[in-house]
Amino acid sequence: MRNTFYGKCQQLCYYDEDIMRLLFYSAILLMLTLPVRASDTTAIETVLDSLHQHSAEAKGKAYFSLYADNAMFIGTDASETWTLDEFKQYAMLYFDQGKGWRYHSVERHISLSDSGDIAWFVEMLESESFGVTRGTGVLQKYGDKWLIEQYHLTLPIPNSMIDNVADDIKHQSL
C-alpha cells in the first residue's frame, strides 16, 4: 500500500513540475512581448497624434505620409469613401491654400492583433467645426513603421436626436 501511495505522489510531483515549467515559460514569453506591445502602442499613438497635427497645420505631404499606399478614407458623408488618391485630390485643395482641419483626440483605445502587425483604434475627437466626432481605423506595421490602412470619421449622434436625423437621411440619395 505504501508503494502505491508513494508512486502516486511521485506522479503528482512530476505533473506539478510540468505545470510549473509551463507557467514559468509562459510568464517569460509574456514579459518579452509586453514591452513590444507597449512600444507599438506608443508608436501608433504618435502616428495618430501626428495625423491630427499635420492636418491642423495643412502639411499635406507629411499628413499623407502616414497612410499606406492602398489606404481608404471614409468621411462623414455617405459619398465619401475614398481611395488614398481620391482623398489626396480632395484634401490637397485645402492644404495647398494653407487650410486644414483641427481635431483633438480626447480619448483613444488601441488594440493589437495577436501577430502584432495589425492594430485598430477608436478615438473620440473634438473639433471647432463639428464638435464631438469619432475616428476609427486600422493600421498595419511595415517593418518598424505603422501606417494607416483605413480611417473613418463619423459624427456620433445622440440617441435623443437619432429619429430626426434618420428621417432627414432617409430623404437623401447617394
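Look up a bit, the structure's there.
Residues numbered from 1 in each chain as written. Predicted model: local features only at pLDDT ≥ 70, side-chain atom pairs only at ≥ 80, totals over all residues. Heavy atoms only, no water.

Undergrad: Which parts of the structure should I look at to understand the overall build of the protein?
TA: Check the secondary structure of the protein and you find 4 helices and 6 strands. Reading the protein from its N end, one meets helices and strands in the order α-α-β-β-α-β-β-β-β-α. For the protein, the proportion of contacts with a sequence separation of at least 24, taken over those separated by at least 6, is 46%. Looking at the protein as shown, the accessible area adds up to about 12,100 Å², and 57% of this sits on carbon and sulfur atoms. (Helix = DSSP H or I, 4+ residues; strand = E, 2+ residues; numbered from the N terminus. Contact = heavy atoms within 4.5 Å. Areas by Shrake-Rupley, 256 points an atom, 1.4 Å probe, with all protein chains shown as cover.)

Undergrad: Just checking my understanding: could you explain unusual backbone geometry for this structure?
TA: For residues besides glycine, phi is generally negative; the peptide bonds are generally trans as well. Unusually for a residue other than glycine, Ala 58 sits at a positive phi of about 55°. Structurally, Ala 58 can be placed in the loop between α1 (2–56) and α2 (60–64).

Undergrad: What should I look at first to understand the pairing of strand β1 (residues 67–74) in this one?
TA: Along a regular strand, successive side chains alternate from one face of the sheet to the other. Sheet topology places β1 next to strand β6 (residues 145–154); 4 bridges connect them, and they run parallel. If you follow Phe 73 over to β6, its bridge partner there is Tyr 151. The turn linking β1 back onto strand β2 (residues 81–83) is made up of 6 residues. (Pairing = 2+ DSSP bridges.)

Undergrad: What exactly am I supposed to notice about the sheet that holds β6 here?
TA: Strands pair in a sheet through their backbones, by hydrogen bonds, and they do so in one of two ways: parallel or antiparallel. Across the sheet, 6 strands lie side by side as β2-β1-β6-β5-β4-β3; this open sheet has mixed pairing. The open sheet has two edge strands with one neighbour each: β2 and β3 (104–112). With strand direction ignored, the average angle separating the axes of adjacent strands in the sheet is 20°. Looking at chain direction, strand β4 (residues 118–127) and strand β5 (residues 131–142) are connected through 10 bridges and run antiparallel. Bridged to Ala 119 within β5 is Leu 139. (Axes fitted to C-alpha atoms, helices over the stretch in contact; angles between N-to-C directions.)

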